[in-house]
Amino acid sequence: ETFFHEFGHVMHQLCTKAELCMFAGTRVERDFVEAPSQMLENWCWKPEALARMSGHHETGDPIPESLLTALLASRNANSGLLNMRQVTLASFDQAIHTSASADTAAVLADLSTKLMEIPTTPGTNMGATFGHMGGGYDAQYYGYLWSEVFSADMFKSRFEKEGIFSQETGLAYRREVLAKGGSRDAMDSLKAFLGREPIPEPFLESKGLTKA
């Protein structure tokens, strides 16, 4: 899944048609930049895709049906904890970037206890090693979850309906989203690909919060 995620960023860069490098590929709004990478993760959870990219290391036999079923059923295992961790980190990001100074260990410990109900390990300061906080996502780490709203909608509304290997849908995605990069607003690219404004329902469904 991580490989597909990062390859999504690669495709965003390779498929750019922007005339200026400052608008090329991943140089888009920070709360959209993760959408193309997150969208590609969905192929890891589709039986027809898994059949193409997996097999027994010795025999080459496909994944047994029983194992595949169990794997797909586990997708939302610990989803609540993992997503609340993202909320906690995004809140931490906002807290330290809206203060003149901050005790990062104390701020993260407080938020972790309040939001996750899991205390941090005494004597540690995970925030001091969290590269995203000073590596381009400053006060914008929330974009990871916000981008998922867009990626889930694009995948569910187009690829799931029209076929995850549909050449026509893939070319539309490449043309309207990947190729444009930051040469136009991400919302305009989303509307061009979806044919409407994005909606939150596919995101909630992907988290197991609503039924399909």
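Preceding block: the structure.
The following refers to the structure shown. (Residues numbered from 1 in each chain as written. Predicted model: local features only at pLDDT ≥ 70, side-chain atom pairs only at ≥ 80, totals over all residues. Heavy atoms only, no water.)

**As for the environment of Val 33**
Within the fold, Val 33 resides in the loop between α1 (2–14) and α2 (35–41). Linking Val 33 and Tyr 144, residues 111 residues apart in sequence, is a C-alpha distance of 8.5 Å. Once you skip the residues sitting within four places of it in the chain, Val 33 turns out to touch His 9, Thr 26, Val 28, Tyr 137 and Ser 147. (Helix = DSSP H or I, 4+ residues; strand = E, 2+ residues; numbered from the N terminus. Contact = heavy atoms within 4.5 Å.)

**Topic: a nonpolar patch on the surface**
A cluster of nonpolar side chains, contributed by Phe 3, Phe 7, Val 10 and Leu 14, occupies part of the molecular surface with about 420 Å² of accessible area. For Phe 3, the position within the fold is in helix α1. Using a relative accessible area of 62% as the deciding quantity, one classes Phe 3 as exposed. (Patch = residues over 30% accessible without salt bridge, like charges linked within 9 Å, V, L, I, M, F, W, Y side chains within 5 Å. Areas by Shrake-Rupley, 256 points an atom, 1.4 Å probe, with all protein chains shown as cover. Salt bridge = Lys/Arg side-chain N within 4 Å of Asp/Glu carboxyl O. Buried < 20%, exposed > 50% of the residue type's maximum accessible area, 1.4 Å probe, protein only.)

**Things to note about helix α8 (residues 167–178)**
The set of residues buried in α8 consists of Thr 169, Ala 172, Tyr 173, Glu 176, Val 177 and Leu 178. One side of α8 holds all its buried residues, which, seen down the axis, span an arc of 160°. Exposed residues on α8 whose side chains face more than 90 degrees from its buried face are Gln 167 and Glu 168. Taken together, the buried residues of α8 touch α1, α2, α7 (143–162) and α9 (186–194). (Arc of directions from axis to C-beta.)

**A look at the packing of aromatic side chains**
Under the counting rule described, the total for this entry stands at 13 aromatic pairs. Measuring from centroid to centroid gives 5.0 Å for Tyr 141 and Tyr 144, while their planes differ by 40°, and the two rings are tilted. Note on accessibility: Tyr 141 and Tyr 144 belong to one class, buried. Positioned above the aromatic ring of Phe 165 is the side chain of Arg 52, whose terminal nitrogen or guanidinium carbon lies 3.9 Å from the ring centre. In this structure, Arg 158 packs its charged tip against the face of Phe 193, placed 4.6 Å from the ring centre. (Phe/Tyr/Trp six-rings, centres within 6.5 Å; stacked < 30°, edge-to-face > 60°. Lys NZ or Arg CZ within 6 Å of the ring centre and 35° of its normal.)

**Overview of the pattern of salt bridges**
Evaluated as defined, the whole model comprises nine salt bridges. When the shortest N-O distance is used, the salt bridge between Glu 176 and Arg 175 registers 3.4 Å.

**Describing the layout of surface pockets**
Size it by volume and the largest pocket reaches roughly 1200 Å³. Looking at the largest pocket, it is lined by 35 residues, and the ones nearest its centre are Glu 1, Glu 41, Arg 75, Glu 148 and Lys 207. Secondary structure elements with two or more residues in the lining of the largest pocket: α1, α2, α4 (65–73), α5 (79–97), α7 and α10 (201–206). Looking at which element gives the most residues to the lining of the largest pocket, the answer is α7, with eight residues. The class makeup of the residues in the lining of the largest pocket is 13 nonpolar, 11 polar and 11 charged. Roughly 450 Å³ of internal volume is contained in the second largest pocket. As for the second largest pocket, its lining consists of 17 residues, of which Met 11, Leu 40, Trp 43, Gly 170 and Tyr 173 are closest to the centre. Breaking the lining of the second largest pocket down by element, the ones donating at least two residues are α1, α2 and α8. The element contributing the most residues to the lining of the second largest pocket is α1, with five residues. Taken together, the residues of the lining of the second largest pocket sort by class into 13 nonpolar, three polar and one charged. (1 Å grid on protein atoms, 1.4 Å probe; cavity = no way out; pocket = protein on both sides within 12 Å on 5 of 7 lines; lining within 4 Å. Points joined across faces, edges and corners; volume = space filled by probe spheres on them. Nonpolar A, V, L, I, M, F, W, Y, C, P; charged D, E, K, R; others polar.)

**Remarks on unusual backbone geometry**
One non-glycine residue, Asn 78, lies in the positive phi region at around 60°. Notably, Ala 139 is not glycine yet its phi reads approximately 65°, a positive angle. With respect to the helices and strands, Ala 139 occurs in the loop between α6 (104–116) and α7. Taking relative accessible area as the criterion, Ala 139 reaches 27% and is therefore assigned partly exposed.

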